[in-house]
Amino acid sequence: MNRLLSRLRIPVGVRRRNPDIRNWASVCNTRPSTTSTTSVTSSVTHISSREYHSQKGVFGYKPLETKDFILSDEAIAKRAEQSNLFRFINAYREYGHLRADLNPLKESACEVPELDPRLYGLKAGSTYDAQGLLAGCKGSHTLEELEGILREKYCGRIAAEFAYLPTLEEREWFAAAFESLPDESLSNEEKLRLAVGMLHSQAFDQFLATKFQSVKRYGAEGAETMTGFFTETFRQLAEDNVEQCIIAMAHRGRLNLLTGVLQLPPVVMFQKMKGLSEFPPEIKNSGDVLSHLTNSLDLEVGENKSLHVTMLPNPSHLEAVNPVACGKTRARQRSLGEGHFSSEPSARPGDKVVCLQVHGDAALSGQGVMQETLALSNVPHFDIGGALHISINNQVGYTTPGERTRSTRYCTDIAKMCSMPVIHVNGDDPVAVVKAARLAVQYQRKFRRDVFVDLVCWRRWGHNELDNPRFTNPSMYRTIDARKSVPDSYIDTLVTEGLMTREDVMKIVSERMSFLAEQHKKVDAHVPKAAHLEKQWSGLLQAPSSVEVWDTGVDIASLKYLGAKSVTLPDDFNVHPHLKKTHVETRLKKLTEGTGLDWATAEALAFATLLNQGHNIRISGQDVGRGTFSQRHCMFIDQVDDAMHIPLNHMSEDQSTHLEVVNSILSEEAVLGFEYGVSLESPNTLCIWEAQFGDFYNGAQIMIDTFVSSGEAKWLTQSGLTMILPHGYDGAGPEHSSCHIERFLQNCDSKEDRPDGEDVNWGVVNPTTPAQYFHLLRRQQLRNFRKPLIVAGPKILLRLPAATSSLEDMAPGTHFMPVLGDPEIPPDSVRKVVFVSGKHYYTLKAERQARGIRDMAIIRVEALCPFPTQEINVELAKYKKAKVFVWSQEEHRNMGAWFFVRPRFENLCSTKLLYAGRDVLGTAAVGIGELHKKENQSIIDQTFAL
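Residue positions within a chain follow its written sequence, with the count starting from 1. Two thresholds apply to this predicted model, a pLDDT of at least 70 for residue-level local features and 80 or more for giving and counting side-chain atom pairs, whereas whole-chain, interface and lining totals are computed over all residues. Side-chain metrics rest on all non-hydrogen atoms present in the structure, leaving aside hydrogens and water.

Undergrad: Lay out the layout of surface pockets in plain terms, naming residues and giving numbers.
TA: Every definition here rests on a 1 Å grid over the protein atoms only: cavities are sets of points where a 1.4 Å probe fits but cannot get out, pockets are open sets enclosed by protein on both sides within 12 Å along at least five of seven lines, and lining residues have some atom within 4 Å of a point. Grid points are joined across faces, edges and corners, and a volume is the space filled by probe spheres set on the points. Approximately 1,200 Å³ is the volume found for the largest pocket. Lining the largest pocket are 39 residues, with Thr294, Asn295, Ser296, Ala531 and His532 sitting closest to its centre. Only DSSP runs of H or I reaching four residues or more are called helices, and only runs of E reaching two or more are called strands; each is numbered from the N terminus. Mapped by element, the contributors of at least two residues to the lining of the largest pocket are α11 (266-273), β5 (295-300), β6 (306-311), α12 (321-335), α22 (669-681) and α24 (711-715). Here the term charged refers only to Asp, Glu, Lys and Arg, the term nonpolar to Ala, Val, Leu, Ile, Met, Phe, Trp, Tyr, Cys and Pro, and the term polar to all other amino acids, Gly among them. Split into classes, the residues belonging to the lining of the largest pocket amount to 15 nonpolar, 15 polar and 9 charged.

This is the structure in structure tokens:
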């Protein structure tokens, strides 16, 4: 039987190991259900091997005799001819795009030897029967007729690359669908709707050119057919019962789309163009530039169909918004309980929510974040059911000609990395663009994979309307200057067809211009509205300017019970012997005793209690399931069959919230962007990204600068994203030591001359005990606002016996302490006070004990931003006899917290600090072991000598 099933390529008893789950119940299953295997094999007729070989026709099998292999010369020739004909047709499927009429500005077709029929032994004048080989082709055709049919299908104003698709089903479906496009036509109503949309886009650009001549607006002139793409895409999605679409888009044509298809009142945009804020004055914000405006609305599409469309805000770092949009889409799918989060067996990701990404040609091929984003597309816990992509291909990047912006033929060649189909279309052909949109949506809906549309167009002006592109691209712009606009050319066609009159056109344009003029008059009276705390965010507030304390403690009985659940495994689960002893049994013992709790246990307790209180948790990063330092083990792997079990998802039978453990690809920028997008969707989810080592976040710096640190100030988008960055000088060298805490402090809006409140742009902490970490995680979810949190995470503290906590430290009435005092030294005997942050505390404490020193207090500054002015002053007040105040750090002088704390101690705490630490250096840490030891000793000697 196994041999039979092997022949049929049906797995026998193979367990499904995809950690991306159909529903939350299967996340937690110790083993995949045996039902799935039974259902696969039960459809196979169960017969013996002898019966199989003796029966005729079973599974299409028929015993062959020698005579069956003998063919006549005529039959052999016929088979060879059909084979060559198929190769010839396939050549057009693979290379036809090279001869297609895709470039509106110049002849783009080239000689393609693969399309020469002589290469396949086909003869001029001969007739061939392509029925069954070429969609829509019936009966016999001469070779010349057949070439004409193939050129019409594959070498017109729309072309495709799909021969590399991963499955035969996809290739055959795409070929049939694409070859049927020439037979499709737009109705008169659709043609008129297309014309009106493009006329509105053109009128908008002309209106802005009159009223706002000095404003950069990045208009759609030359790419107006994108209007048809968006309209058709939204209509197709709504027809397939998609409920929501999340859009990522840069600046080119953004304003046209917003005020056109997405119905943003132009008065909002005109206000921005006049230098006014898009938000009410009473709300703290800095705003953003015109080309980053957004809108979210229910779009009426067709009859009794609607689609909620959300355009995300974005920075000017092109393509950076794309992984954010993917994360937002994934989280929205979770909110709606669709796809992987549905209990329906037939559910697929993207049933209700689809991501649409709009790219620029130079950015698409040049920005590495796109490679990372596409690499996530089919990875468990990042899969969103395929995104739709369109490249607004201007054929120039800022001032650089297209051929110099990449090393590939097409800007969309990056799609081939993940075997995604590409549809190229001439941007001067509105009908072809609509057909491309239809095909793209149909493919995405059927296969739930990414698909690209390459809209080959041009831009009327330079990078913006104030730029003269003729300095650098004279030949291109001689061609452009001689051209009619795309809408005007299409109108000429419709007028010729009798579908429109010139009077109709004038009326459409006049009415649109009047509408824009009326909107312009309302600018001074318009009152902007902020919609940032609505729907799922209702009940939350902007962070206050004061400092607040949140009771994040939990009763000890609950902690013991939930802590035990974090290492409870099924009886038949084969846990690794080492983990059973050092992780499971040790944790249970510590929970029983209530003392000696390590970092991983505190984290598990925070997770368990938040889950128990109705909060979901998602932790993402490289190897987070086990933990970089083999400390976490929130996800156990059966040592016999690799089955996965997450104990915290089995705390109770009716558990409604879950921990999603996401071992990510080896990416920082796209993954962090994805997690930021997840955090934007729901305040009810604690979203954590953990770097393998602290400075690995360097690869995600764009995300940090343009989204995490500044998103709320620019767009009022709150995020509770927590970033854990392992930090500490342990002799591991330049790239495994520092999380560059100084950069996060430099990028915060803490004040030097007055106390901070909770309204800083993010929190920066360097906790030294498991209990402090426990309270930080819980505080992220329990307070009534959301702020990003940067945690300088531990490495050696994960298992340091001195760095442990008790259950009493997490009991009711306890909370995160921004400053930890020194209870071991009587205040009256203290001559010197040393302030420190992070694990360096334990080094100094051990050295103080070894030296028998009793006149030096060591104060831990656990929170750096917001700067704990009040708590530090409370500690300083204890030491009336102290004369020397020192800041001791293990980081270099030009790094760490020194530059940040020094002016705040002086201005807010009236204390002048002395410095003890490493000297300045251009690298984060030395790579020579002996030198590292000398530096460590030097810091200790400095601290105690001052």
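Alright, that's what it looks like, and here's the rest.
Undergrad: I'd love a proper account of empty space enclosed by the protein, names of residues and values included.
TA: One pass over the structure, following the stated rule, counts 7 cavities of 30 Å³ or more. Estimates place the volume of the largest cavity at around 100 Å³. Around the largest cavity, the lining is made up of 13 residues, and of these Trp599, Gln631, Arg632, Glu690 and Leu798 lie nearest the centre. With 3 residues, helix α21 (residues 599-612) is the largest single contributor of residues to the lining of the largest cavity.

Undergrad: Tell me about the sheet that holds strand β23 (residues 856-861), and please be specific about residues and values.
TA: What makes two strands pair is DSSP finding at least two bridges between them. Across the sheet, which stays open at both edges, the 5 strands sit in the order β21-β23-β22-β25-β26 with mixed pairing between neighbours. In this open sheet, the two strands that pair with only one neighbour each are β21 (819-820) and β26 (914-918). Against the sheet, helix α29 (residues 898-908) makes contact with β22 (832-836), β25 (884-892) and β26, and its axis sits at roughly 165° relative to β25, the strand it touches most. Any two residues whose heavy atoms approach within 4.5 Å at even a single point are treated as in contact. Each axis is a line fitted through C-alpha atoms, taken for helices only over the stretch in contact, and angles between the N-to-C directions span 0 to 180 degrees.

Undergrad: Before we move on, could you go through the sheet that holds strand β24 (residues 863-865) and cite the residues and values that matter?
TA: On the basis of which strands lie adjacent, the open sheet formed by 7 strands has the order β16-β13-β17-β18-β20-β19-β24 and mixed pairing. Each having just a single partner strand, β16 (659-663) and β24 make up the two edges of the open sheet. Averaged over all pairs of adjacent strands, the angle between strand axes in this sheet comes to 20°, irrespective of strand direction. Sheet topology note: the strand β17 (residues 685-690)/strand β18 (residues 722-726) ladder contains 3 bridges and is parallel. By the bridge assignment, tryptophan 689 is partnered in β18 with methionine 723. On top of the sheet, helix α26 (residues 770-782) reaches β17, β18, β19 (763-765) and β20 (789-793); it is set at about 130° to β17, its chief contact.

Undergrad: Please set out the packing of aromatic side chains residue by residue, giving values where relevant.
TA: When two rings of Phe, Tyr or Trp (its six-membered ring) have centres within 6.5 Å they constitute a pair, described as stacked for plane angles under 30 degrees, edge-to-face for angles over 60, and tilted for the intermediate range. Counted under the stated rule, the structure contains 28 aromatic pairs. When the ring of phenylalanine 88 is compared with that of tyrosine 92, the centres are 5.5 Å apart and the planes differ by 90°; the resulting orientation is edge-to-face. A residue pair is termed a helical-turn pair when its members lie 3 or 4 positions apart in one helix, as phenylalanine 88 and tyrosine 92 do in helix α5 (residues 73-95) at 4 residues. Here phenylalanine 88 and tyrosine 92 have matching classes, each one buried. Directly above the ring of phenylalanine 382 sits arginine 618, whose terminal nitrogen or CZ lies 5.3 Å from the centroid. Taking NZ or CZ as reference, arginine 904 lies 3.7 Å from the ring centre of phenylalanine 900, over its face. Accessible area is worked out with a 1.4 Å probe on protein chains only. A residue is then buried under 20% of its type maximum, exposed over 50%, and partly exposed in between. For a lysine, the NZ atom is tested; for an arginine, the CZ atom; a charge sits over a ring if that atom is within 6 Å of the ring centre and within 35 degrees of the ring normal.

Undergrad: Any details on the packing of helix α8 (residues 188-211) against helix α18 (residues 502-521)? Residues and values, ideally.
TA: Remark: α8 packs on α18, axes separated minimally by 9 Å, with the N-to-C direction vectors making an angle of 45°. One element, α8, and the other, α18, form an angle in the oblique class. Handedness of the α8/α18 crossing: right-handed. Contact residues: α8 offers Val196, Leu199, His200, Ala203, Phe204, Gln206, Phe207 and Lys211, while α18 offers Val505, Ile508, Val509, Arg512, Met513, Leu516, Ala517 and His520. When its residues are assigned to classes, the contact of α8 with α18 shows 11 nonpolar, 3 polar and 2 charged. Each angle gets one of four labels, with under 35 degrees taken as roughly parallel, over 145 as roughly antiparallel, 65 to 115 as roughly perpendicular, and the rest as oblique. Two helices crossing with the near one rotated counterclockwise from the far one by less than a right angle form a left-handed crossing, whereas a clockwise rotation gives a right-handed crossing.

Undergrad: Describe α29, naming the residues involved and giving the relevant values.
TA: Regarding α29, the residues found buried are Trp898, Phe900, Val901, Pro903, Arg904, Phe905 and Leu908. On its buried side, α29 packs onto α25 (741-746), β22, β24, α28 (869-878), β25 and β26. Downstream of α29 by a residue or two, serine 910 has a phi angle that is positive, lying close to 50°.

Undergrad: Describe the environment of valine 833, with residues and values.
TA: By the secondary structure assignment, valine 833 is in strand β22. For valine 833, a relative accessible area of 0% gives the class buried. Taking the C-alpha atoms as reference points, valine 833 and asparagine 393, separated by 440 residues in sequence, lie 63 Å from one another. Those residues in contact with valine 833 that lie beyond four places of it in its chain are Ala857, Ile859, Tyr879, Ala882, Val884, Phe885 and Val886.

Undergrad: Before we move on, can you summarise the pairing of strand β3 (residues 158-161) with the specific residues and values?
TA: Burial of the side chains of β3 extends over both faces: Ile158 and Ala160 are buried on one face and Ala159 and Glu161 on the other. Here β3 pairs with strand β11 (residues 422-426) via 4 bridges, running antiparallel. Within β11, the residue paired with isoleucine 158 across the bridge is valine 425.

Undergrad: Describe in detail the nonpolar core, supporting the description with residues and values.
TA: What makes a nonpolar core is a set of buried Ala, Val, Leu, Ile, Met, Phe, Trp, Tyr and Cys residues whose side-chain atoms join them at distances within 4.5 Å. Among the nonpolar cores identified, the biggest contains 93 residues, and Phe234, Ile247 and Leu262 are the most heavily contacted of them. Per element, the largest residue contribution to this core is 9 residues, and it comes from helix α15 (residues 430-447). Among the nonpolar cores identified, the runner-up in size contains 75 residues, and Met723, Ile859, Cys865 and Val901 belong to it.

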